[in-house]
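These are the residues of each chain, in order.
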Amino acid sequence: MTAQSRQPDAEHVDSELVQAAAHVARTRCRGDNHTMAAAARARDGRIVTAVNAYHFTGGPCAELVLIGAAAAQGAHELDTIVAVGDRDRGVVPPCGRCRQVLLDYFPALEVIVSEGAHLRAVPVTDLLPGSYVWADHQLGAE
């Protein structure tokens, strides 16, 4: 797979990434503590996966756990992310908190979302139009 073929857009969705998240959701999500899986493609082509850590106090979503897991593996630049629910719920869009965090960490990130039976990749900026980017306040701080 070339770097260009990994760049998702409305016509191309990284199906390997969706399959990786679905596999983790099917095989690693057990009970109520782990109900979502996420997969992301790092800039170097690696796929990183994670599951959420549900807790009534607001445990982190799979996308947020994935950011830490990717960093721990040395994958600091992510190109595309997708989340898949357990029990064959399919692709699930990120919650509002995750949208903001993903935008802050990776402003050029593509997010795979579901529109009925159709999957498409959209820029994270499209999921938060007119948003505030946390890193913007740091411009010129150096």
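A quick note: this is a predicted structure, and the numbers were derived from the prediction, not measured.

Q: Can you walk me through the pairing of strand 6 (residues 118–123) in this structure?
A: Pairing geometry for strand 5 (residues 110–115) and strand 6, over 6 bridges, is antiparallel. Paired with E110 across the two strands is P123, which belongs to strand 6.

Q: What is the right way to look at the environment of R87 in this model?
A: Its place among the elements puts R87 in the loop between strand 3 (78–85) and strand 4 (90–91). R87 gets classed as exposed once you look at its relative accessible area, which sits at 62%. Separated by 61 residues in the primary sequence, R87 and R26 place their C-alpha atoms 7.0 Å from one another.

Q: I would appreciate a short explanation of the packing of aromatic side chains in the present structure.
A: Each aromatic ring pair is summarised here by two numbers: the centre-to-centre distance and the angle between the ring planes. Within the structure shown, the criterion is met by 1 aromatic pair. Ring geometry for Y105 and F106: centres 5.9 Å apart, planes at 45°, overall tilted. We classify F106 as buried; its relative accessible area is 6%.

Q: Explanation requested: the nonpolar core in the structure shown.
A: Nonpolar side chains in soluble globular proteins tend to be buried together. In terms of nonpolar packing, the biggest core is built from 24 residues, with L66, L78, I81, L102, L109, V111 and V124 touching the most fellow members. When sequence neighbours within four positions are dropped, the list of residues in contact with L78 reads A40, R41, A42, R43, L66, A70, F106 and L109. V13, A25, C29 and A39 belong to the second-largest nonpolar core, a separate cluster that totals 15 residues.

What counts and how
- Residues numbered from 1 in each chain as written.
- Predicted model: local features only at pLDDT ≥ 70, side-chain atom pairs only at ≥ 80, totals over all residues.
- Heavy atoms only, no water.
- Pairing = 2+ DSSP bridges.
- Helix = DSSP H or I, 4+ residues; strand = E, 2+ residues; numbered from the N terminus.
- Buried < 20%, exposed > 50% of the residue type's maximum accessible area, 1.4 Å probe, protein only.
- Phe/Tyr/Trp six-rings, centres within 6.5 Å; stacked < 30°, edge-to-face > 60°.
- Core = buried A, V, L, I, M, F, W, Y, C linked by side-chain atoms within 4.5 Å.
- Contact = heavy atoms within 4.5 Å.

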